[in-house]
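Descriptive analysis of the structure
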Amino acid sequence: MSNPDALLVDIATMVESEGSNQMPLTVVVPGAVITGRLAPESVWHERVAEVLATSDHLKPFATLFAPSPDGPPTPPTHLHLHVARILQGSYGLPHTGGMYRIAIADISSWTVGDLSYSDQ
């Protein structure tokens, strides 16, 4: 989207100001449907840094994910999802959920809620 959805920006702003990481959201971006829970940018950065720091090969990259001393941009330009999955057919990848950063300007549609599939 060339003009980010104002309501989506407001939701992202509220997640940042409230520090909540429980808002479920599903977004459509070019080539993918991604579902997960919104997290404040600082929490997302912290979690990614923790994961990278546990890897011998990736540990040097952990410092790149230190939260900015200036805080996140206002208004937010990206959504930060955790326990997120790319929906592909009847599967969510990765199965356990991952950490995704998505440019709000790239989101063509969205819905509140975490989509999942059932075998029934």
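For the structure, check the block above.
The present account deals with the structure reproduced in this document. Only a predicted model underlies this, so the values are computations on that prediction, with no experimental measurement involved.

Definitions and cut-offs
Residues numbered from 1 in each chain as written. Predicted model: local features only at pLDDT ≥ 70, side-chain atom pairs only at ≥ 80, totals over all residues. Heavy atoms only, no water. Pairing = 2+ DSSP bridges. Helix = DSSP H or I, 4+ residues; strand = E, 2+ residues; numbered from the N terminus. Axes fitted to C-alpha atoms, helices over the stretch in contact; angles between N-to-C directions. Contact = heavy atoms within 4.5 Å. Core = buried A, V, L, I, M, F, W, Y, C linked by side-chain atoms within 4.5 Å. Buried < 20%, exposed > 50% of the residue type's maximum accessible area, 1.4 Å probe, protein only.

Our focus in this paragraph is the sheet that holds strand 5 (residues 109-112). Read across the open sheet, the 5 strands follow the order 4-3-2-1-5; overall the sheet is antiparallel. The sheet terminates laterally at strand 4 (91-103) and strand 5, the two strands that pair on one side only. Averaged over all pairs of adjacent strands, the angle between strand axes in this sheet comes to 30 degrees, irrespective of strand direction. Across 5 bridges, strand 2 (residues 32-38) lies against strand 3 (residues 78-88) in antiparallel orientation. Residue pairing across strands places threonine 35 opposite arginine 85, the latter belonging to strand 3. Against the sheet, helix 2 (residues 41-53) engages strand 3 and strand 4, with an angle of about 125 degrees to strand 4.

We now examine the nonpolar core. Counting residues in each nonpolar core, the largest one holds 18 residues, and the members touching the most others are Val27, Val29, Ile34, Leu38, Leu79, Ile102 and Ile107. Of all the elements in the fold, those that place two or more residues in this core are helix 1 (6-18), strand 1 (24-29), strand 2, strand 3 and strand 4. In terms of residue count, helix 1 provides more of this core than any other element does, 5 residues in total. Ignoring sequence-local partners within four residues, the contact set of valine 27 consists of Ala32, Val33, Ile34, Leu79, Ile102, Ile107, Ser109 and Trp110. In this structure, Trp44, Val48, Ala49 and Leu52 belong to the second largest nonpolar core, which totals 5 residues.

Let us now look at the pairing of strand 4. In the sheet, strand 3 pairs with strand 4 via 8 bridges, with the strands oriented antiparallel. Along strand 4, the bridge assignment pairs leucine 81 with tyrosine 100. Here strand 3 hands over to strand 4 after 2 residues, with glycine 89 in that stretch at a positive phi of 60 degrees.

Nothing here speaks to function; it is all geometry.
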